[in-house]
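Observations on chain architecture
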Amino acid sequence: MTYYKNVVVMLILFAGMAGALVARTEVAERSGGKLPDGRAVAIYTLKSDKMEVEVMNYGGDVLSIKVPDKNGKMADVVLGFDDPSGYYEANHAKGNPYFGALIGRYGNRIAHARFSLDGKEYALAKNNGENTLHGGPNGFHSQLWTGEIIPDGVQLKYLSKDGEEGYPGNLTVTVKYTVKGNELKIDYVATTDKDTVLNLTNHSYFNLSGQGNGTILGDELKLNASRFTPVDAGLIPTGQLKPVAGTPFDFTKAHTVGERIQADDEQLKLGHGYDHNFVLDGKGMREAAEVYDPASGRVLTVTTDQPGVQFYTSNFLDGSLSGKGGVAYPRNAALCLETQYFPDSPNHPEFPTTELKPGEKFHSTTIFRFSTR
Ligand code: GLA
């Protein structure tokens, strides 16, 4: 009798384990057609029991993130285009928003498009006035990555050649997008054969009410940052690490994004809203930010091991870009939380270093977790 009981218990356990296996993330690949220049694009769908994410090998773009609201209704919470050609055209037009893109070799700006390393000066491609932005005009956002399905996700690989956009060293970059339950995890790994600098991030534009649904000014934001890096008129950090206390930059307790965005504050004027790097408190994997949208009940929690996060309220969107379904995206249609090293670090030895040397392995992780309240 005990024998049969044991067998039954084992069968139940086995069924339970099989159930857990079934709940694995399903990953599928489909054609994304061809870019206007003829290259074939692949789109990967990562589907768990809680969310669905689409990633494209062109630009390493996150195309969509579908998550439930407090009533279980699914919506796509990131801005973008309907077709890969939309991303291609935006990459070749003025005022590129970098929707969902993998950013490199250097996220955000490097002043005067130059820096020195080991006593040698490097000139970079200018694409933001005198400065370089997001790796230059042919940064990682406009490259075709090699995609490979891995458990729970997709791995994208790209070799950035020595001298590309002015940066030294052959840099091999591997980015893994994986989905587990309600979490999208991004792992960045890079190695080089010459001393170089790098700053990798993802440029997703979140609107937790669903993309195309108004602005994010009513979202409640918490940032685990007691300091930020003020900027000059070119949005280059001055070098100061300024306490947020008593300023509209204090999100250590939740505030709506719109509460102080119009305040009479020099930094908000220079950024045309929030477009600043926040210095994250603590070290190692820790919570960086939480966004709560009272309308849908959706909550986004960002965890990272990076020293900073660029909080950008899509101030350069002005309704002239038509996104998914032909919807015009107005100013403040979304917010970006770009986990990163500080902008212009190669010209600020006092900032955490962005240098990578041969034999070293750069590794960084950011997790976007979606829940409801
Ligand atoms: C970053 C920058 C902004 C802007 C966007 C892209 O967030 O800090 O100034 O360039 O990228 O539009």
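Just so it is clear, the model here is predicted, and its values are computed rather than measured. (Residues numbered from 1 in each chain as written. Predicted model: local features only at pLDDT ≥ 70, side-chain atom pairs only at ≥ 80, totals over all residues. Heavy atoms only, no water.)

**Quick look at the sheet that holds strand β5 (residues 74–76)**
The strands that make up a sheet pair up through hydrogen bonds in the backbone, lying either parallel or antiparallel. Pairing is antiparallel in the open sheet, where five strands are placed in the order β1-β2-β3-β4-β5. In this open sheet, the two edge strands, each paired with only one partner strand, are β1 (26–34) and β5. For this sheet, the mean inter-axis angle between neighbouring strands, taken without regard to orientation, is 15 degrees. When strand β2 (residues 40–47) meets strand β3 (residues 52–56), the two strands line up antiparallel, connected through five bridges. Pairing of Y44 across the sheet is with V55, part of β3. (Pairing = 2+ DSSP bridges. Helix = DSSP H or I, 4+ residues; strand = E, 2+ residues; numbered from the N terminus. Axes fitted to C-alpha atoms, helices over the stretch in contact; angles between N-to-C directions.)

**A word on the environment of P343**
In this fold, P343 is placed in the loop between β25 (336–340) and β26 (355–356). Distance from P343 to V309, taken between C-alpha atoms, is 9.9 Å for residues 34 residues apart in sequence. Sequence-distant contacts of P343, that is, excluding residues within four places in its chain, are made with Y106, N108, R109, P237, N277, Q310 and F351. (Contact = heavy atoms within 4.5 Å.)

**Quick word on the side chain of N202**
Relative to the helices and strands, N202 is located in strand β16 (residues 201–203). Polar contacts involving the side chain of N202 include one to the main-chain carbonyl oxygen of G100, which spans 3.1 Å. At a separation of 2.7 Å, a polar atom in the side chain of N202 contacts the side chain of S204. Residues in contact with N202, not counting those within four places in the same chain, are G60, V62, G100, A101, L102, Y177, I186, Y188 and E338. (Polar contact = N/O pair within 3.5 Å; in protein donor to acceptor, adjacent residues only side chain to side chain.)

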